[in-house]
Amino acid sequence: MKKLLALAITAAAITAGGAHANGSPYSPGLVYGWAGVGAQNSGVRFVAFGMPKSTIVAAVRARDGHVMKSTVVRGFYGVPLVSYDGTAGGLSGDGKSLVLASYGPLPGEAGKTRLIVLNTKTLSVVRSVVLRGSWSYDAVSPDGSQLYLVEHIAAGQNPRYRVRSFDLRADRLIPGAIVDRIDRLAVMGGQPVTRATSSDGRWAYTLYAREKREPFVHALDTVRREAFCIDVPLELAQPLQMELRLRLAGDGGTLGVRHFRETVAVIDTKTFGVRRT
Amino acid sequence: MKKILTTLLLVLVAATFAATAGAQKGGPATTLFGGKGVLAPDGTHRYVALTTGRQTLVSVVRVHGGQVVRWLYVRGFVGVPVVGEDGTTDGISRDGRTLVLAGTPEGRPNDRVVTSFAVVDTASLRFRRVTLPGTWAYDAISPDGSILYLIEYENYGRTPTYRVRAYDLAARRLLSRPIVDRTIGERLMRGWAVTRATNSTGRWAYTLYARQGSAPFVHALDTVQQRAYCVDLPLELRRPGQMRLRLVLRAGELAVRSAGETVAVVDTQSFVVQRR
């Protein structure tokens, strides 16, 4: 049964992440090829391709499709997806660091999760991170010094995990989880549906769907290592919560929660007050 | 170990010299990895080859947006053919259905040199390999992708000599007769491919060649009728000057340009040349 459940979630992940996203039973997974990550401001997208024993990473110019640079990295890495709508992550706000991730073991099983950090100018690997257990990429600070990871404790329909930070300059995992400053919760549950990131890359707002509960937004300050969980008062079943999207507006001052074309709630990004619309 | 070193060398050569090394040495035309690849005839996508040395990844990149919408793996080292020292790439048939990637000539046991090509069906992204004994390079492909034109090198030393051959992709065989110049019947060609212009239907491939101690010439290849014409250009230019020439096609004529100035015009019907 557990296996079936894992398969079902994997299938959901593949569907949500796009044709080239490989599923994971506990995270949105990784993306190969396709849009990769980047391109909006920089005009360059970074794309990874899994080869039999290595990964090709390419920097593609968005305006004409030229491959400006490429490299081969030993191991099997992909661009991390941060939510089931296929939002990709891994690029720091300053555009200088690119984080690629591998698949780790299932939560509770033995094994390691590997991540690498590349310099986007040279595409050289500047840091390699190996962690025991089941981890996935969550965010990176604007200057690329802090990596935020999800440590998966349990997979399945009600996954449990916590957000941890890794100091890339000191090359060490920071003890303890990033605790929700509102409810003081360390362990989280729910499925990451969508992500919006502030223009400077500092704030990562992730909307999570939950079974039999309202959705919430996890607002992660990647500079101060702080997080705030904001419940969104919407009476929606989990499948409908999976259709929600986030849009930052008013120079990042408000975060709109949208259901298709309709804004159903607005969050003040300073006070985290929520208003239904 | 020898194999690994050879592979590494090939990767280094490709990465360092990309499009120019072979042409400068007068050797087989080279292949391109990364960069602009080759543009699909409809201009919406480009095919870009990337390599690990042992494997080649052929990516289909959307021109507007840069998304890599499809890709395939090809075992070995094959890249987008470069048909001129100026970096002109080719390899896609005008109907957009066939993509040819060229390998680098490689030694086999008993010093037997072979050259491989990967012929890709762009709809299914399935490919097949064409391997020929000897040193070969891609030259052109017919508009419907049925005939592949290859350069067979006899010698690629200081003054390379070669002939153009046709390979029937449907019949999977090399046609026995070389493509002979219809004007003077010369089989063996000499010179360095500088630049290429292809007409809008993809039928005619005009390649300008530079020569040491002789005037440059245009090799006009009719990829449908399997015939070619060598058109000497009456230009008193030394080889470095010839290497800077470029071709521009416009309404029935082929302009030969140097530093933005038209120095000669070739009538594409009669092949009569006029100096400017």
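The residue count restarts for each chain, going from 1 along the sequence in the order it is written. Whichever chain is written first becomes A and whichever ligand is written first becomes 1, with later ones labelled in order. The predicted origin of the model limits local features to residues at a pLDDT of at least 70 and limits the giving and counting of side-chain atom pairs to 80 or more, whereas totals for whole chains, interfaces and linings rest on all residues.

Caption draft 1: Inspection of the overall build of chain A at higher detail. Labels follow the DSSP assignment, with helices taken as runs of H or I lasting at least four residues and strands as runs of E lasting at least two, numbered in each case from the N terminus. Of the regular secondary structure elements, chain A holds two helices and 23 strands. In chain A, buried positions account for 50% of the 277 residues. By the convention adopted here, residues are in contact when the distance between their C-beta atoms, placed from the backbone, does not exceed 7 Å. Considering only residue pairs separated by 6 or more positions, chain A has 44% of its internal contacts joining residues 24 or more positions apart. With C-beta atoms placed from the backbone, the exposure class of a residue follows from how many other C-beta atoms lie within 10 Å of its own: 20 or more, buried; 12 or fewer, exposed; in between, partly exposed.

Caption draft 2: Spatial organisation of the overall build of chain B. Each helix and strand counted, chain B has three helices and 23 strands in total. Counting across all 276 residues of chain B, residues that qualify as buried make up 44%. In chain B, of all internal contacts separated by at least 6 residues, the share reaching a separation of at least 24 is 45%.

Caption draft 3: Representation of the sheet that holds strand β23 (residues 273-275) of chain B in the model. Residue and element names in this part refer to chain B. Each pair of strands is called paired provided DSSP finds at least two bridges between the two strands. Spatial ordering of the open sheet is given by β20-β21-β22-β23, a layout of four strands whose pairing is antiparallel. The open sheet has two edge strands with one neighbour each: β20 (245-250) and β23. Shown here is a sheet whose adjacent strand axes are inclined to one another by a mean of 25°, direction ignored. Two elements, strand β22 (residues 261-267) and β23, share three bridges in a ladder whose sense is antiparallel. Opposite Val265, over in β23, you have Gln274 as the bridge partner. To get an axis, fit a line to the C-alpha atoms, keeping to the stretch in contact for a helix; angles then go from 0 to 180 degrees between the N-to-C directions.

Caption draft 4: The arrangement of the sheet that holds strand β18 (residues 216-221) of chain A in detail. Residue and element names in this part refer to chain A. In spatial order, the strands read β16-β17-β18-β19; together these four strands make up an open sheet with antiparallel pairing. Taken across any chain shown, the strands that pair with only one partner, and hence form the sheet edges, are β16 (191-197) and β19 (226-231). The mean inter-strand angle of the sheet, taken between neighbouring strand axes irrespective of direction, is 20°.

Caption draft 5: Structural context of the environment of Arg163(B). All names here are of chain B. By the element assignment, Arg163 lies in strand β13 (residues 161-168). Note on Arg163: 17 C-beta atoms within 10 Å, which makes it partly exposed. Here the alpha-carbon distance between Arg163 and Lys36, two residues 127 residues apart in the chain, equals 28 Å.

Caption draft 6: Structural view of the pairing of strand β6 (residues 78-81) of chain B. In the sheet, strand β1 (residues 31-32) of chain B pairs with β6(B) via two bridges, with the strands oriented antiparallel. Paired with Thr31(B) across the bridge in β6(B) is Pro81(B).

Caption draft 7: Focus on the interface of chain B and chain A. If you look at the interface, chain B gives 18 residues, while chain A gives 21 residues. Of the residues assigned to the side of chain B that touches chain A, the class counts are eight nonpolar, seven polar and three charged. Ten residue types, Ala, Val, Leu, Ile, Met, Phe, Trp, Tyr, Cys and Pro, are classed as nonpolar, four, Asp, Glu, Lys and Arg, as charged, and the remainder, Gly among them, as polar.

Caption draft 8: Quick look at the confidence of the model for chain B. All names here are of chain B. Of all residues in chain B, 85% attain a pLDDT of 70 or more, and the chain-wide mean is 87. For chain B, helix α2 (residues 21-25) is the element with the lowest average pLDDT, namely 36, and strand β2 (residues 38-39) is the one with the highest, namely 98. Among the scores for the predicted complex, ipTM is 0.85 and pTM is 0.87. The pLDDT value tells you how sure the predictor is about a given residue, anywhere from 0 up to 100.

Caption draft 9: Examining the pairing of β16(A) more closely. Residues and elements named next belong to chain A. Burial within β16 is extensive, with seven of its seven residues counted as buried. In this sheet, strand β17 (residues 203-209) lies alongside β16 in antiparallel orientation, the contact comprising six bridges. Within the sheet, the bridge partner assigned to Ala196 lies in β17 and is Tyr205. Where β16 folds back on β17, the antiparallel hairpin that results is connected by five residues, among which Gly201 adopts a positive phi of roughly 80°.

Caption draft 10: Looking closely at the environment of Pro216(B). Residues and elements named next belong to chain B. Structurally, Pro216 is set in the loop between β17 (204-210) and β18 (217-222). Taking C-alpha positions, Pro216 is 30 Å from Asp168, a pair spaced 48 residues apart along the chain. Ignoring anything within four residues of it in the chain, the contact list for Pro216 reads Leu208, Tyr209, Ala210, Arg211, Leu233, Leu235, Leu237, Gln242 and Leu245.

Caption draft 11: Structural context of unusual backbone geometry. Residues and elements named next belong to chain A. Positive phi, normally seen in glycine, also occurs at Trp34, with a value near 50°. Assignment of secondary structure puts Trp34 in the loop between β2 (30-31) and β3 (37-38). Taking the C-beta count within 10 Å as the criterion, Trp34 has 22 such neighbours and is therefore assigned buried. For Arg225, which is not a glycine, the phi torsion comes out positive at approximately 55°. By the secondary structure assignment, Arg225 is in the loop between β18 and β19. Classification of Arg225 by C-beta neighbours within 10 Å gives partly exposed; the count is 17.

Caption draft 12: Examining the confidence of the model for chain A more closely. Averaged over every residue, the pLDDT of chain A is 88; the share at 70 or more is 87%. Segment residues 1-23 of chain A is flagged for pLDDT under 50; beyond a separation of four residues in sequence, or across chains, it makes 42 contacts in the model.

Caption draft 13: Looking closely at the environment of Thr207(B). Residue and element names in this part refer to chain B. When you line up the elements, Thr207 lands in strand β17. Overall, the presence of 26 C-beta atoms within 10 Å leaves Thr207 in the buried class. Linking Thr207 and Gly53, residues 154 residues apart in sequence, is a C-alpha distance of 30 Å. Contacts of Thr207, omitting those with residues within four sequence positions, involve Val83, Gly84, Ala193, Arg196, Val218 and His219.

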